[in-house]
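Residue strings, one per chain:
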Amino acid sequence: QVRLLESGGGLVQAGGSLRLSCVASGIIFRDNAMAWYRQAPGKQRELVAAITSSGSTNYLDSVKGRFTISRDNAKNTVALQMNGVQPEDTAVYYCRADRTFGGSNTQYWGQGTQVTVSS
């Protein structure tokens, strides 16, 4: 059974920091690109940060310089360090695994963790 389990969400004041973690099981972690998405009420789900199996990263423009994505293949984890958070960062954050091979794509999603930033 494939599972992605997020942790670290909660309530934080604007300007503060938060660290989200996601532990994966049931997949060959090193073969998967990993990413964090978020979705606020009434809004589209958006890609926040992504990291390839080799460690290359990509970020949503609005979080660039504030958030950092990282992975630890030995522990099957991906993390999102969130610094200088703002109220607009409030959303449910989702962990995603993605493996593409031979034209096929397989994705798995975590259950999400709530991040709330107060003014």
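For the structure itself, consult the block above.
Cut-offs applied
As a convention, each chain's residues are numbered from 1 in the sequence order in which they are written. Local features are withheld for residues below a pLDDT of 70 in this predicted model, meaning they are given only at 70 or higher, and side-chain atom pairs are given and counted only at 80 or more; totals for whole chains, interfaces and linings count all residues. Where side-chain values are given, they derive from all heavy atoms of the structure, hydrogens and water being excluded. Under the scheme applied here, a residue whose accessible area is under 20% of the maximum for its type counts as buried, over 50% as exposed, and between as partly exposed, the area being computed with a 1.4 Å probe on protein chains only. In this description a helix means any DSSP run of H or I spanning at least four residues, a strand means any run of E spanning at least two, and both kinds are numbered starting from the N terminus. Two strands qualify as a pair provided that DSSP identifies no fewer than 2 bridges between them. By nonpolar core we mean a set of buried residues, namely Ala, Val, Leu, Ile, Met, Phe, Trp, Tyr and Cys, connected to one another through side-chain atoms within 4.5 Å. Here, two residues are considered to be in contact whenever any of their heavy atoms come within 4.5 Å of each other. Put simply, a disulfide is two cysteine sulfurs that come within 2.5 Å.

A closer look at the pairing of strand 4 (residues 33-39)
For strand 4, a buried count of 5 out of 7 residues is recorded, marking the element as mostly surrounded by other parts of the structure. As defined by bridge partners, strand 4 adjoins strand 5 (residues 46-51) across 5 bridges and the pair is classed as antiparallel. By the bridge assignment for strand 5, W36 is matched with A49. Between strand 4 and strand 5, which pair antiparallel and follow one another directly, the connecting turn spans 6 residues, one of which, G42, has a positive phi of 75 degrees.

Examining the nonpolar core
One finds W36, V78, L80 and Y93 to be the most contacted residues of the largest nonpolar core, which totals 28 residues. Contributions of two or more residues to this core are made by strand 3 (18-25), strand 4, strand 5, strand 7 (67-72), strand 8 (77-82), strand 9 (91-101) and strand 11 (113-118). The residues contacting L80, other than those within four sequence positions of it, are L18, R19, L20, W36, V48, A49, F67, T68, I69 and Y93.

Focus: the state of the cysteines
Applying the stated criterion across every chain, the model contains 1 disulfide. Shown here is the disulfide that connects C22 with C95, its sulfur atoms set 2.1 Å apart. Residues C22 and C95 are joined through a disulfide that is left-handed, its torsion about the S-S bond being -80 degrees. Of this pair, C22 sits in strand 3 while C95 sits in strand 9, and the two are 73 residues apart along the sequence. The two residues C22 and C95 agree in class, both being buried.

Geometric values such as these leave the question of function open.
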